[in-house]
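Report on the structure
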Amino acid sequence: MPQLHFRFRFRCSRGTGCVGSCVRIHEKAASWCIVGVVVTLCACRHLLELLRRSAIQGESNSVLIVGPRGAGKTMLLQCVLRDLLQEKEAQKNLLQVHLNGLLQTDDRIALKEITRQLNLENVVGDKVFGSFAENLAFLLEALKKGDRSSSRPVLFVLDEFDLFAHHKNQTLLYNLFDVSQSAQTPVAVVGVTCRLDVLELLEKRVKSRFSHRQIHLLSSFGFSEYLQTVRTQLSLPDDFTDRGFAQDWNSSIQTLCEDKSVEEALQRHFNSSKDFRSLHMLLMLCLSRVSVSKPSIKPADLLDASRLCLCDAKANMLHGLSILELCLIIAMKHLNDVYEGEPFNLQMVHNEFKKFLQRKSNSMYNFEQPVVMKAFEHLQQLELIRPVDGSSAKTQREFQLMRLMLDHSQIMEALQKYPQCPTDVKQWAMSAFG
Amino acid sequence: MIDSVCSLCVSSLVISVEGLPRPTIIIPEQHILIEGDDEDNPYVAKVIRLFGDGEFGEQMKAVVQWFVRVSEVPLSKLKLLGREPHPQEIFHYQGRICDDEVNVESILRPVQVTVACVHPKVLGHKMCTNITTDVKSIKFKNIDSWMSGHHLLTMLLLFQQIMPGTPRTPHQATPSIPCRSLPTRQPANILEEARARLHVSSVPESLPCREQEFQDIYSFVESKIIDGTGGCMYISGVPGTGKTATVHEVMRCLQHAADVDEIPTFHFIEINGMKMTDPHQAYVQILQNLTGQKATPDHAAALLDKRFNNPAPRKQTTVLLVDELDLLWTRKQNVMYNLFDWPTQRHARLVVLTIANTMDLPERIMINRVASRLGLTRMSFQPYSFKQLQQIIMSRLNKVKAFEEDALQLVSRKVAALSGDARRCLDICRRATEICEHSTTNPSATGLVGMSHVMEALNEMFSSAYITAIKCASMQEQLFLRAVIAEFRRLGLEEATFQQVFVQHQALCRLEGLQPISVSEGLAVCQRLGACRLLLLEPSRLGVLQRVRLNVSQDDVLYALKAD
């Protein structure tokens, strides 16, 4: 898990030329300070006890950690592993295998990766010898020979667990769960996923061998805990080198969090999503404005960062279009209004544009067909319009049916801020019918 | 080790060797020992010629012909030799890898190499010698005191090029997981003991509640072994009903009976359809278990065919257990056909026990000739009833008093009502003991596992988290769900596009007094709900045009949202 890390140098206002300090957002502080969240503490304890029993007493187990994206599942697992490995017995004995459903897309690749990470005897350097069938037989034989009291326990961590359930026959999952329920090498299988219906993906045999333990990380905290988290994340820890600077910084963070506008902005973010990943992104944007000349965060920074996060992506793209392309978009909008969302083609849009030119326009030039065609293609490249499926090759390009991927509100919002937009174009956009 | 190099001329080299009083002379055509990685087994070579290298001829080198010891030759090549090599045997090396020139400093001492008597042999090249007792007499013969301390080696003969230059594939790779440094701790208190016994892997010697099935399978297999005939049996049952465990128990008892000579000896093989990457690997695994041979699937099939179709004297009955039979299905069904056809041959003496989950598997997926060879010897394992589950847990605990009576009954009833799966039951009981252990404020007072602990375990392991997830979702996500339901009601359909739902969403925002959100934000909210599978979405490249469906029932959503 990356630690958000900022390093900058500056001279302390007190001491002579002492070199700078770092501002770090501590993962550790975050993890144990998502407090008041009793669920997370329970989850920590449950997982820690489970892994400790596997590592020290050789008990085989399987568990799934389920939670929405950015809720802290991988972070929880890392913290628990770090605590577990502080015990010498666990550290010396536990073997770890980390797999990811996005990287190991196939059981064949997954097996090679497991064999490589366990460094079994059919690995030379980084190369695993043998075919898929041989690798599977070798691994199963190795696990079968072990037993609870004398073999080192193996921890399998499967990230994006739901993707493993899409492999053929779910062979890998069946075998891992089967080992965890047999008197063989002790294994602990930990799956991490964001799907709530992950058990429905498992085949009945695999599901029967899974122990149905699930740890749900649902962010059940309220806004006050959220604020508390922001404060803790931004504060410097006690063991910071420059105590004076740390105190100043922390008090500035305190005042920041008590500011009304900041609270409103954070409330807006909290309403949108409770996960920590988006919170980190917001705080990161704030921190990036901290500099030697401005060693504290002002409310305005947070409001700017909030605006950046919450702005509309497509509306921003519209600001980069030419006037012709913008007019084409407005023409499409009118077509959508009149024909209630039916797909259109270039010819129809061009006709609509020509109607505008005849009746209302003073400033726009009557472009030729190829120029308009080029503008249309540019819009397609930007994915602001999209062909209706299936009619790609057969029809001529001018008559290919398209759909607009923008909403009215996005167009109007873009128009407000479009630099030097001609008035007649704006009025055309705002009028009811073409 | 060479202490000093006295002089060099082209024809000979004088070295003084540690431990020998007088200097030794090395001449061409003499065999020498050269320093290598292994101190006990230095390399053997024969000097071809000596020369001086470098600007002034100061660096003395020797061109040598290398030999290899038996220990350096890979096993597969040794097998080519066709006989057991003598431990002190060396072979002429004709590979191109090693440098033929060595510095004289690496010469240890001269050595004597003798050719034992000669015997024409297979390798197609020159003669291989056959080692006879002559070697022993040569080897240990006392040598001249002048040459005491020299080793004696027998030289044998030529041989094809040995190792190629690529990294050697591990031929002797043994599958194993490293061992622990300290043995595991024993269970410290009653709850830990109970937990160890309730683990699914601690299968008892005799399975309770499966006595009748045990008897049936036992008598079937025993009769086949005693008669020396073959047969097929099909065992079916939902997962967790003890099929594989019962068959293992039967085979253990039969093995015991064979050990005390009550019945003829037999050979037990087990294969599992899920532990194979391809149905045809079944042949490979059966062959390997039977004879230890490794072969490709087609070759293995041919070998097995030959073995089961031809009579052989003193042949043992083979009992083959095929787990997860439905995975051995192929389009032509030839793997299953062979597995069921071989027992029908007179000389095969093969008994096949197959296990699968569905009772009507033969009728559903097998073609007629395969199903008829499978026969009608079928056995179906019923899911456990609650009394049986209770009995299973009690017999596992076996006088370890860790559970209250009604707690056990609750678990058994609940699991029996749902699936009758013994694994589920055992896992829930184990979780209940964990909860009990960690809930007591005073760790030394280990009370029994009570109803409350069991209820908590049941809730954890049987619940679906949708309602909690909706309750814990953010405000905008909840509004979006409301908007989805509103749009479905308006359209009268179970599906809507994001654009339509978004309109409703904006309206709801205004109602709640919240600031309206942008389209991008709305799309992000929608994506998050789709990732959790509270909503079912089309691919996100469709943007605002993607269609949205609910994965939870509308009533559940409204219930979850109302409870605030």
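The structure presented is a predicted model; accordingly, all values stated were derived computationally and were not measured. Sequence order sets the numbering: in each chain, residues are counted from 1 along the sequence as written. For naming, the first written chain is A and the first written ligand is 1, with later ones following in the order written. Predicted model: local features are reported for residues with pLDDT of at least 70 only, side-chain atom pairs are reported and counted for 80 or more only, and whole-chain, interface and lining totals are derived from all residues. Side-chain metrics rest on all non-hydrogen atoms present in the structure, leaving aside hydrogens and water.

1. A word on the packing of aromatic side chains
Side-chain rings of Phe, Tyr and Trp, where Trp is taken by its six-membered ring, are said to pair if the distance between their centres is within 6.5 Å; with planes under 30 degrees apart they count as stacked, over 60 as edge-to-face, and otherwise as tilted. Per the stated rule, a full pass over the model turns up 17 aromatic pairs over all chains. Arranged with centres 4.8 Å apart and planes meeting at 50°, the rings of A:Tyr226 and A:Phe270 form a pair that is tilted. In this pair, A:Tyr226 sits in helix α11 (residues 223-234) while A:Phe270 sits in helix α13 (residues 260-272), placing the two residues 44 residues apart along the sequence. Accessibility here uses a 1.4 Å probe with only protein chains present; expressed as a share of the type maximum, an area under 20% marks a residue as buried, one over 50% as exposed, and anything in between as partly exposed. Given the relative accessible area of 1%, A:Tyr226 is considered buried. Between B:Phe308 and B:Trp342, the aromatic rings sit 5.2 Å apart at their centres with planes inclined by 40°, giving tilted as the arrangement. Of this pair, B:Phe308 sits in helix α7 (residues 297-309) while B:Trp342 sits in the loop between α8 (334-341) and β16 (350-356), placing them 34 residues apart in sequence. Since its relative accessible area comes to 1%, B:Phe308 is described here as buried. For B:Trp342, a relative accessible area of 2% gives the class buried. In this description a helix means any DSSP run of H or I spanning at least four residues, a strand means any run of E spanning at least two, and both kinds are numbered starting from the N terminus.

2. Comments concerning the interface of chain A and chain B
Counting residues at the interface gives 88 residues for chain A and 76 residues for chain B. Roughly 7,000 Å² is buried in total at the junction of chain A and chain B, and carbon and sulfur atoms are behind 53% of that figure. Its largest share of buried area at the contact with chain B, chain A owes to A:Leu196, A:Arg205 and A:Asn271, together 9% of the area lost on that side. A pairing counts as a salt bridge when a side-chain nitrogen of Lys or Arg comes within 4 Å of a carboxyl oxygen of Asp or Glu. There are ten salt bridges connecting chain A and chain B. Contact criterion: two residues are considered in contact whenever any of their non-hydrogen atoms come within 4.5 Å of each other. A quick way to say it: buried area is the sum, across both parts, of accessible area lost when two parts are put together, with a 1.4 Å probe.

3. Re the nonpolar core
As used here, the term nonpolar core means buried Ala, Val, Leu, Ile, Met, Phe, Trp, Tyr and Cys residues forming a set that is joined through side-chain atoms within 4.5 Å. One finds A:Leu118, A:Leu158, A:Leu173, B:Phe480 and B:Leu535 to be the most contacted residues of the largest nonpolar core, which totals 74 residues. With sequence-adjacent residues up to four places away left out, B:Leu535 is seen in contact with B:Phe480, B:Leu481, B:Val484, B:Cys526, B:Leu529, B:Gly530, B:Val548, B:Arg549, B:Leu550 and B:Asn551. Grouped together as the second largest cluster of nonpolar side chains are 37 residues, A:Leu318, A:Leu404, A:Val425 and A:Trp428 included.

4. So, α8(B)
Residues and elements named next belong to chain B. Among the eight residues that make up α8, seven are buried, leaving the element largely enclosed by the rest of the structure. Every buried residue of α8 is accounted for by Val335, Met336, Tyr337, Asn338, Leu339, Phe340 and Asp341. Contact partners of the buried residues in α8: β13 (231-237), α6 (281-291), β15 (317-323), β16 and α10 (368-374).

5. So, the pairing of β16(B)
The side chains of a regular strand alternate between both faces of the sheet. All names here are of chain B. Taken across its seven residues, β16 has seven buried, putting it largely inside the fold. Any two strands with at least two DSSP-identified bridges between them are counted as paired. Direction of pairing for β13 relative to β16: parallel, over a ladder of six bridges. Each bridged residue has a counterpart across the sheet, and for Gly231 the counterpart in β16 is Val351. Two strands pair when backbone bridges link them, and β15 and β16 are joined in this way by five bridges, in the parallel orientation. By the bridge assignment for β16, Leu321 is matched with Leu353. Crossovers are described as right-handed under a simple rule: with the strands pointing away from the observer, the path leading from the first strand over the helix to the second runs clockwise. Handedness of the crossover joining β15 and β16 through α8: right-handed.

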